[in-house]
Amino acid sequence: MSNPFSTGYIPFVVEGETFETAYKIFGDLKSKTRPLLVLHGGPGIPHQYLLSFAHLSAQGIPVIFYDQVGCGLSTHLPDKPKEFWTEELFMKELDNVLTTLNIQGDFDLAGHSWGGMLAANYVISRNPHGLKRLIIADAPASMELWSIGTNALLEGFPQEFRDMLKRHELAGTTDSEEYQTGIQQFSEKHLCRVQPWPQDLMDAFGALESDPTVYSTMIGPSEFNITGTMKPWTVIDDLHKISVPTLLINGRYDDAQDVGVVPFFKKIPRVQWVQFAESSHMPFFEETERFFQIVGEFLAE
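Being a predicted model, the structure only gives us computed values, none of them experimental. Here the residue index of a chain counts from 1 through its sequence in written order. Whole-chain, interface and lining totals are the exception, using all residues; otherwise, since this is a predicted model, local features are given only for residues with pLDDT of at least 70 and side-chain atom pairs are given and counted only at 80 or more. Calculated side-chain values reflect all of the structure's heavy atoms, with hydrogen atoms and water omitted.

## Quick word on the overall build of the protein chain
If you tally the helices and strands in the protein chain, you get 10 helices and eight strands. This radius of gyration counts C-alpha atoms alone. The globule rule is 2.2 Å times how many residues there are, raised to the power 0.38. For 301 residues, the compact-globule estimate of 2.2 N^0.38 gives 19 Å, and the protein chain sits close to it at 18 Å. Across its three principal axes, the protein chain shows a C-alpha extent of roughly 55 × 45 × 40 Å. Taken across its 301 residues, the protein chain has 57% of its residues classed as buried. Contact definition: two residues touch when any of their heavy atoms are within 4.5 Å. Relative to all contacts within the protein chain whose residues are 6 or more apart in sequence, the contacts with residues 24 or more apart total 73%. Per-residue and other accessible areas were derived by the Shrake-Rupley procedure at a 1.4 Å probe size, with only the shown protein chains allowed to occlude residues. Here the protein chain has roughly 13000 Å² of accessible surface; of this, 50% comes from carbon and sulfur atoms. The charge count treats Lys and Arg as positive and Asp and Glu as negative. His and the chain ends do not count. For charged residues, the charge sits on one atom: NZ in Lys, CZ in Arg, CG in Asp, CD in Glu. Between the mean site of the 22 positive side-chain charges and the mean site of the 39 negative ones, the protein chain shows a separation of 7 Å. What counts as a helix is a DSSP run of H or I of at least four residues, what counts as a strand is a run of E of at least two, and both are numbered from the N terminus. Partly exposed residues are those whose accessible area sits between 20% and 50% of the maximum for their type, while under 20% is buried and over 50% is exposed, using a 1.4 Å probe and protein chains only.

Next comes the structure, spelled out in C-alpha coordinates:
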(Lines give C-alpha, C1' and ligand atoms only; values in the text may rest on other atoms or scores of the structure.)
Protein backbone atom coordinates (compact mmCIF):
# COMPACT_ATOMS: atom_id res chain seq x y z
CA MET A 1 0.00 0.00 0.00
CA SER A 2 1.17 3.55 -0.70
CA ASN A 3 -0.36 5.00 2.46
CA PRO A 4 2.15 5.66 5.26
CA PHE A 5 2.07 3.06 7.99
CA SER A 6 3.80 2.05 11.19
CA THR A 7 4.61 -1.41 12.49
CA GLY A 8 5.56 -2.98 15.78
CA TYR A 9 5.25 -5.92 18.14
CA ILE A 10 3.07 -6.29 21.23
CA PRO A 11 4.17 -8.67 24.02
CA PHE A 12 1.46 -11.24 24.71
CA VAL A 13 1.81 -13.28 27.91
CA VAL A 14 0.09 -16.68 28.05
CA GLU A 15 0.52 -18.92 31.09
CA GLY A 16 3.89 -17.39 31.92
CA GLU A 17 5.23 -17.48 28.35
CA THR A 18 5.69 -14.27 26.38
CA PHE A 19 4.87 -14.24 22.70
CA GLU A 20 4.78 -11.40 20.18
CA THR A 21 1.81 -10.06 18.20
CA ALA A 22 2.91 -8.19 15.08
CA TYR A 23 0.77 -5.20 14.10
CA LYS A 24 0.55 -2.62 11.32
CA ILE A 25 -1.26 0.72 11.52
CA PHE A 26 -2.27 2.94 8.61
CA GLY A 27 -3.06 6.47 9.78
CA ASP A 28 -2.69 8.22 13.12
CA LEU A 29 -4.20 6.76 16.28
CA LYS A 30 -3.87 10.20 17.88
CA SER A 31 -6.32 11.69 15.40
CA LYS A 32 -9.87 12.39 16.49
CA THR A 33 -11.27 9.79 14.09
CA ARG A 34 -12.32 6.44 15.56
CA PRO A 35 -9.94 3.64 14.46
CA LEU A 36 -10.96 0.40 12.76
CA LEU A 37 -9.37 -2.83 13.97
CA VAL A 38 -9.42 -5.59 11.33
CA LEU A 39 -9.34 -9.31 12.23
CA HIS A 40 -8.01 -11.72 9.64
CA GLY A 41 -9.39 -15.13 8.79
CA GLY A 42 -8.17 -18.68 8.82
CA PRO A 43 -7.49 -19.07 11.66
CA GLY A 44 -3.86 -18.88 10.66
CA ILE A 45 -4.07 -16.80 7.46
CA PRO A 46 -2.16 -13.57 8.16
CA HIS A 47 -3.36 -10.05 7.49
CA GLN A 48 -1.76 -9.40 4.05
CA TYR A 49 -4.86 -10.34 2.09
CA LEU A 50 -6.89 -7.69 3.93
CA LEU A 51 -4.51 -4.79 3.25
CA SER A 52 -7.00 -3.17 0.86
CA PHE A 53 -8.88 -2.08 4.01
CA ALA A 54 -6.07 0.45 4.38
CA HIS A 55 -7.83 2.47 1.65
CA LEU A 56 -10.15 3.63 4.43
CA SER A 57 -7.24 5.57 5.94
CA ALA A 58 -7.58 7.95 2.98
CA GLN A 59 -10.89 8.96 4.59
CA GLY A 60 -9.00 9.73 7.79
CA ILE A 61 -9.87 6.43 9.50
CA PRO A 62 -6.88 4.84 11.25
CA VAL A 63 -6.82 1.15 10.25
CA ILE A 64 -5.11 -1.47 12.41
CA PHE A 65 -4.09 -4.97 11.34
CA TYR A 66 -2.34 -7.64 13.34
CA ASP A 67 -1.27 -11.22 12.82
CA GLN A 68 -2.77 -13.53 15.40
CA VAL A 69 -0.23 -15.70 17.21
CA GLY A 70 0.67 -18.76 15.21
CA CYS A 71 0.91 -17.01 11.86
CA GLY A 72 2.46 -14.22 9.82
CA LEU A 73 5.04 -12.08 11.62
CA SER A 74 3.75 -13.02 15.06
CA THR A 75 5.21 -15.84 17.18
CA HIS A 76 4.82 -19.27 15.59
CA LEU A 77 4.14 -22.18 17.90
CA PRO A 78 4.07 -25.37 15.82
CA ASP A 79 4.75 -27.62 18.80
CA LYS A 80 1.83 -26.51 20.97
CA PRO A 81 -0.85 -29.18 21.60
CA LYS A 82 -4.28 -28.73 20.10
CA GLU A 83 -5.65 -27.76 23.52
CA PHE A 84 -3.57 -24.56 23.35
CA TRP A 85 -5.40 -23.29 20.26
CA THR A 86 -8.71 -22.01 21.60
CA GLU A 87 -10.97 -19.14 20.70
CA GLU A 88 -10.39 -17.76 24.20
CA LEU A 89 -6.66 -17.51 23.42
CA PHE A 90 -7.43 -15.23 20.48
CA MET A 91 -9.94 -13.21 22.51
CA LYS A 92 -7.24 -12.58 25.12
CA GLU A 93 -4.88 -11.54 22.35
CA LEU A 94 -7.50 -9.11 21.06
CA ASP A 95 -7.95 -7.74 24.60
CA ASN A 96 -4.19 -7.24 24.74
CA VAL A 97 -3.99 -5.45 21.40
CA LEU A 98 -6.83 -3.06 22.29
CA THR A 99 -5.32 -2.26 25.68
CA THR A 100 -1.74 -1.87 24.47
CA LEU A 101 -2.73 0.44 21.61
CA ASN A 102 -5.02 2.29 24.06
CA ILE A 103 -8.07 2.23 21.81
CA GLN A 104 -10.34 0.06 23.95
CA GLY A 105 -12.46 3.10 24.85
CA ASP A 106 -13.44 4.04 21.30
CA PHE A 107 -13.05 1.77 18.25
CA ASP A 108 -14.78 -0.07 15.42
CA LEU A 109 -14.19 -3.77 14.74
CA ALA A 110 -14.24 -5.67 11.44
CA GLY A 111 -13.72 -9.39 11.08
CA HIS A 112 -13.46 -11.44 7.90
CA SER A 113 -14.32 -15.17 7.81
CA TRP A 114 -12.84 -16.68 11.00
CA GLY A 115 -12.15 -13.07 12.02
CA GLY A 116 -15.89 -12.38 11.76
CA MET A 117 -16.63 -15.39 13.95
CA LEU A 118 -14.07 -14.20 16.49
CA ALA A 119 -15.43 -10.64 16.36
CA ALA A 120 -19.01 -11.78 16.94
CA ASN A 121 -18.15 -13.98 19.90
CA TYR A 122 -15.82 -11.33 21.31
CA VAL A 123 -18.67 -8.82 21.40
CA ILE A 124 -20.99 -11.42 22.93
CA SER A 125 -18.46 -12.54 25.55
CA ARG A 126 -16.75 -9.27 26.43
CA ASN A 127 -19.45 -6.66 25.70
CA PRO A 128 -16.74 -4.06 25.02
CA HIS A 129 -18.22 -0.67 25.92
CA GLY A 130 -15.81 1.22 23.67
CA LEU A 131 -17.01 -0.59 20.54
CA LYS A 132 -19.15 1.62 18.32
CA ARG A 133 -19.64 -0.37 15.11
CA LEU A 134 -19.16 -4.01 14.07
CA ILE A 135 -18.56 -5.50 10.62
CA ILE A 136 -19.03 -9.26 10.15
CA ALA A 137 -17.82 -10.16 6.66
CA ASP A 138 -18.16 -13.56 4.98
CA ALA A 139 -18.54 -15.47 8.25
CA PRO A 140 -21.04 -18.06 9.51
CA ALA A 141 -23.01 -18.06 12.75
CA SER A 142 -22.12 -21.74 13.24
CA MET A 143 -19.75 -24.26 11.70
CA GLU A 144 -22.65 -26.65 11.16
CA LEU A 145 -24.37 -24.08 8.95
CA TRP A 146 -21.07 -23.32 7.21
CA SER A 147 -20.76 -27.01 6.34
CA ILE A 148 -24.33 -27.13 5.05
CA GLY A 149 -23.47 -24.22 2.78
CA THR A 150 -20.20 -25.61 1.46
CA ASN A 151 -21.75 -29.03 0.87
CA ALA A 152 -24.43 -27.33 -1.21
CA LEU A 153 -21.70 -25.56 -3.20
CA LEU A 154 -19.97 -28.89 -3.82
CA GLU A 155 -23.15 -30.11 -5.48
CA GLY A 156 -22.28 -27.70 -8.28
CA PHE A 157 -19.20 -29.77 -9.15
CA PRO A 158 -19.19 -33.04 -11.15
CA GLN A 159 -19.88 -36.27 -9.27
CA GLU A 160 -16.41 -37.61 -10.01
CA PHE A 161 -14.88 -34.51 -8.43
CA ARG A 162 -16.93 -34.98 -5.27
CA ASP A 163 -16.09 -38.69 -5.20
CA MET A 164 -12.38 -37.88 -5.45
CA LEU A 165 -12.56 -35.49 -2.49
CA LYS A 166 -14.47 -38.01 -0.38
CA ARG A 167 -12.06 -40.78 -1.26
CA HIS A 168 -9.07 -38.79 -0.03
CA GLU A 169 -10.91 -37.63 3.09
CA LEU A 170 -11.80 -41.19 4.05
CA ALA A 171 -8.27 -42.42 3.31
CA GLY A 172 -6.61 -39.59 5.23
CA THR A 173 -4.71 -38.46 2.13
CA THR A 174 -5.92 -34.86 2.03
CA ASP A 175 -2.32 -33.68 1.61
CA SER A 176 -2.15 -35.41 -1.78
CA GLU A 177 -1.62 -33.32 -4.92
CA GLU A 178 -4.99 -34.43 -6.33
CA TYR A 179 -6.91 -33.29 -3.24
CA GLN A 180 -4.98 -30.03 -3.01
CA THR A 181 -5.74 -29.34 -6.68
CA GLY A 182 -9.41 -29.95 -5.86
CA ILE A 183 -9.24 -27.39 -3.05
CA GLN A 184 -7.81 -24.86 -5.50
CA GLN A 185 -10.59 -25.55 -8.03
CA PHE A 186 -13.19 -24.99 -5.30
CA SER A 187 -11.40 -21.86 -4.11
CA GLU A 188 -11.33 -20.28 -7.56
CA LYS A 189 -15.13 -20.38 -7.57
CA HIS A 190 -16.00 -19.78 -3.92
CA LEU A 191 -13.01 -18.14 -2.20
CA CYS A 192 -11.86 -15.54 -4.73
CA ARG A 193 -13.08 -15.31 -8.32
CA VAL A 194 -10.46 -12.79 -9.44
CA GLN A 195 -7.95 -14.43 -11.79
CA PRO A 196 -5.08 -14.47 -11.28
CA TRP A 197 -5.36 -14.15 -7.53
CA PRO A 198 -4.10 -10.81 -6.15
CA GLN A 199 -0.54 -10.91 -4.83
CA ASP A 200 -1.65 -10.02 -1.28
CA LEU A 201 -3.86 -13.12 -1.28
CA MET A 202 -1.10 -15.30 -2.71
CA ASP A 203 1.28 -14.05 -0.01
CA ALA A 204 -1.19 -14.81 2.79
CA PHE A 205 -1.89 -18.33 1.54
CA GLY A 206 1.82 -18.91 1.03
CA ALA A 207 2.29 -18.07 4.69
CA LEU A 208 -0.50 -20.49 5.64
CA GLU A 209 1.13 -23.25 3.60
CA SER A 210 4.45 -22.68 5.35
CA ASP A 211 2.86 -23.13 8.79
CA PRO A 212 -0.67 -24.63 8.78
CA THR A 213 -0.59 -25.43 12.52
CA VAL A 214 -3.49 -23.23 13.62
CA TYR A 215 -5.71 -23.82 10.59
CA SER A 216 -5.29 -27.60 10.53
CA THR A 217 -5.87 -27.83 14.28
CA MET A 218 -8.96 -25.65 14.50
CA ILE A 219 -10.53 -26.15 11.04
CA GLY A 220 -9.08 -29.20 9.33
CA PRO A 221 -7.79 -30.01 5.85
CA SER A 222 -10.12 -27.70 3.87
CA GLU A 223 -13.00 -25.25 3.92
CA PHE A 224 -15.46 -28.05 3.15
CA ASN A 225 -14.06 -30.77 5.41
CA ILE A 226 -14.28 -29.43 8.96
CA THR A 227 -12.60 -31.89 11.33
CA GLY A 228 -10.85 -29.50 13.73
CA THR A 229 -11.65 -28.26 17.21
CA MET A 230 -13.97 -25.54 15.86
CA LYS A 231 -16.39 -28.09 14.38
CA PRO A 232 -19.08 -27.64 17.12
CA TRP A 233 -18.67 -23.83 17.21
CA THR A 234 -21.84 -21.70 17.27
CA VAL A 235 -22.97 -18.30 18.53
CA ILE A 236 -26.57 -18.54 17.31
CA ASP A 237 -28.22 -18.58 20.73
CA ASP A 238 -26.31 -15.50 21.92
CA LEU A 239 -26.51 -13.18 18.91
CA HIS A 240 -29.18 -11.05 20.57
CA LYS A 241 -26.43 -9.84 22.93
CA ILE A 242 -24.76 -7.87 20.13
CA SER A 243 -26.24 -4.40 20.65
CA VAL A 244 -23.97 -2.23 18.47
CA PRO A 245 -24.88 -1.32 14.87
CA THR A 246 -23.66 -4.21 12.73
CA LEU A 247 -22.91 -4.49 9.03
CA LEU A 248 -23.26 -8.05 7.71
CA ILE A 249 -21.60 -8.94 4.40
CA ASN A 250 -21.39 -11.97 2.15
CA GLY A 251 -21.12 -12.79 -1.55
CA ARG A 252 -23.50 -14.66 -3.80
CA TYR A 253 -20.90 -17.40 -4.44
CA ASP A 254 -19.42 -17.23 -0.92
CA ASP A 255 -18.23 -20.15 1.20
CA ALA A 256 -20.32 -18.32 3.79
CA GLN A 257 -23.63 -19.12 2.13
CA ASP A 258 -26.88 -17.44 3.18
CA VAL A 259 -27.83 -20.41 5.37
CA GLY A 260 -24.93 -19.57 7.67
CA VAL A 261 -25.44 -15.81 7.59
CA VAL A 262 -29.21 -15.60 8.17
CA PRO A 263 -29.00 -16.09 11.98
CA PHE A 264 -26.91 -12.91 12.26
CA PHE A 265 -29.58 -11.02 10.34
CA LYS A 266 -32.48 -12.45 12.30
CA LYS A 267 -31.04 -12.18 15.79
CA ILE A 268 -28.75 -9.11 15.95
CA PRO A 269 -31.06 -6.20 16.88
CA ARG A 270 -29.37 -3.44 14.83
CA VAL A 271 -28.11 -5.07 11.66
CA GLN A 272 -28.01 -4.41 7.94
CA TRP A 273 -27.06 -7.10 5.43
CA VAL A 274 -25.40 -6.41 2.09
CA GLN A 275 -24.78 -9.22 -0.39
CA PHE A 276 -22.37 -8.76 -3.30
CA ALA A 277 -23.84 -10.30 -6.43
CA GLU A 278 -20.57 -10.85 -8.30
CA SER A 279 -18.46 -11.96 -5.34
CA SER A 280 -17.52 -15.08 -3.44
CA HIS A 281 -15.62 -15.00 -0.13
CA MET A 282 -13.60 -11.83 -0.78
CA PRO A 283 -15.75 -9.00 -2.14
CA PHE A 284 -13.02 -6.50 -1.19
CA PHE A 285 -11.08 -8.00 -4.14
CA GLU A 286 -14.04 -8.88 -6.36
CA GLU A 287 -16.16 -5.70 -6.07
CA THR A 288 -13.64 -3.38 -4.47
CA GLU A 289 -15.17 0.01 -5.19
CA ARG A 290 -18.67 -0.89 -4.02
CA PHE A 291 -17.34 -2.78 -1.01
CA PHE A 292 -15.39 0.14 0.40
CA GLN A 293 -18.10 2.63 -0.45
CA ILE A 294 -20.56 0.62 1.66
CA VAL A 295 -18.08 0.02 4.48
CA GLY A 296 -16.99 3.66 4.51
CA GLU A 297 -20.57 4.91 4.65
CA PHE A 298 -21.41 2.50 7.48
CA LEU A 299 -18.44 3.62 9.56
CA ALA A 300 -19.29 7.27 8.97
CA GLU A 301 -22.91 7.00 10.09
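From this point on, the discussion continues.
## Topic: the UniProt feature "domain: AB hydrolase-1" (unreviewed entry) in the protein chain
As annotated by UniProt and renumbered to match this structure, "domain: AB hydrolase-1" (unreviewed entry) occupies residues 35-287. Span residues 35-287 is 39% helix and 13% strand, its end C-alpha atoms 23 Å apart. UniProt positions are given in the numbering used here, feature names are shortened, and annotations may be inferred rather than shown by experiment.

## Remarks on the pattern of salt bridges
A pair is scored as a salt bridge if a Lys or Arg side-chain nitrogen falls within 4 Å of a carboxyl oxygen belonging to Asp or Glu. Applying the stated criterion to the full structure yields 10 salt bridges. Here aspartate 95 ties to arginine 126 by a salt bridge, and the two come within 3.0 Å at their closest N and O atoms. One end of the pair, aspartate 95, is in helix H1 (residues 87-100); the other, arginine 126, is in helix H2 (residues 114-126), and 31 residues separate them in sequence. Judged by relative accessible area, which is 24%, aspartate 95 ranks as partly exposed. When the shortest N-O distance is used, the salt bridge between lysine 132 and aspartate 106 registers 3.1 Å. Here lysine 132, found in strand E6 (residues 131-137), pairs with aspartate 106, found in the loop between H1 and strand E5 (107-112); they are 26 residues apart in sequence, far enough to count as distant. The class of lysine 132 is partly exposed, set by a relative accessible area of 32%. For aspartate 106, a relative accessible area of 33% translates into the label partly exposed.

## Remarks on the packing of aromatic side chains
Two rings belonging to Phe, Tyr or Trp (six-membered ring only in the last case) form a pair when the distance between their centres is within 6.5 Å. Interplanar angles under 30 degrees mark stacking, angles over 60 mark edge-to-face geometry, and anything in between is tilted. This structure, assessed with the given rule, holds 20 aromatic pairs. Seen in terms of ring centroids, phenylalanine 84 and tryptophan 85 are 4.9 Å apart; in terms of plane orientation they differ by 90°. Their pairing is edge-to-face. For the pair phenylalanine 84 and tryptophan 85, a shared accessibility class is recorded, and that class is buried. Only lysine NZ and arginine CZ atoms are considered, and such an atom sits over a ring when it is within 6 Å of the ring centre and within 35 degrees of the ring normal. A cation over a ring is seen here: arginine 133 above phenylalanine 298, with NZ or CZ 4.9 Å from the ring centre.

## A word on helix H3 (residues 143-154)
Expected helix span is computed as 1.5 Å times (number of residues minus one). In this model H3 runs 16 Å from its N-terminal to its C-terminal C-alpha over 12 residues, within 8% of the 16 Å that 1.5 Å per residue would give. Within H3 the residues assigned to the buried category are Met143, Leu145, Trp146, Gly149, Thr150, Leu153 and Leu154. On the buried face of H3, the contacting elements are H2, helix H4 (159-171), helix H5 (177-190) and helix H8 (258-267).

## Quick word on the pairing of strand E1 (residues 5-14)
Sheet topology note: the E1/strand E2 (residues 17-26) ladder contains 10 bridges and is antiparallel. Counted as the bridge partner of valine 14 is glutamate 17 from E2. Counting the residues in the hairpin turn of E1 and E2 gives two residues, including glutamate 15, whose phi is positive at 50°. Any two strands with at least two DSSP bridges between them are considered paired.

## A short note on the nonpolar core
Phe53 and Leu109 are the most contacted members of the largest nonpolar core, which has 91 residues in total. Among the elements that take part in this core, H2 stands out by supplying eight residues, more than any other. Apart from the residues lying within four places of it in its own chain, the contact partners of leucine 109 are Leu36, Leu37, Leu39, Ala119, Tyr122, Val123, Leu131, Arg133, Leu134 and Ile135. Among buried residues, the Ala, Val, Leu, Ile, Met, Phe, Trp, Tyr and Cys ones that are joined through side-chain atoms within 4.5 Å form a nonpolar core. Among the nonpolar cores identified, the runner-up in size contains 10 residues, and Leu153, Leu154, Ile183 and Phe224 belong to it.

## A short note on the side chain of threonine 246
Along the chain, threonine 246 turns up in strand E7 (residues 246-251). At a separation of 3.0 Å, a polar atom in the side chain of threonine 246 contacts the main-chain carbonyl oxygen of valine 244. In this structure, threonine 246 is in contact with Leu134, Ile136, Ile268, Arg270, Val271, Gln272 and Phe298, ignoring residues within four places of it in sequence. Two N or O atoms count as a polar contact when they lie within 3.5 Å, although within protein this holds only if one can serve as hydrogen donor and the other as acceptor, and sequence-adjacent residues are included solely when both atoms are side-chain atoms.

## A short note on H1
Each full turn of the α-helix corresponds to 3.6 residues, which orients residues three or four apart in the same direction. With 14 residues, H1 should cover 20 Å at 1.5 Å per step; its first-to-last C-alpha distance of 20 Å lies within 8% of that length. For H1, the full list of buried residues reads Glu87, Leu89, Phe90, Met91, Glu93, Leu94, Val97 and Leu98. Remark: asparagine 102 follows H1 within two positions and exhibits a positive phi of approximately 60°.

## Some points on the side chain of aspartate 255
Of note, aspartate 255 is situated in the loop between E7 and H8. No salt bridge is formed by the buried aspartate 255, whose closest oppositely charged neighbour, arginine 193, lies at an N-O distance of 9.1 Å. Excluding its chain neighbours within four sequence positions, the residues that come into contact with aspartate 255 are Trp146, Thr150, Leu153, Phe186, His190, Leu191, Glu223 and His281.

## What to know about the state of the cysteines
The criterion for a disulfide is a pair of cysteine sulfur atoms lying within 2.5 Å. Inspection of every chain in the model, using the stated rule, returns zero disulfides. Residue cysteine 71 stays outside any disulfide, its sulfur separated by 19 Å from that of cysteine 192, the closest cysteine.

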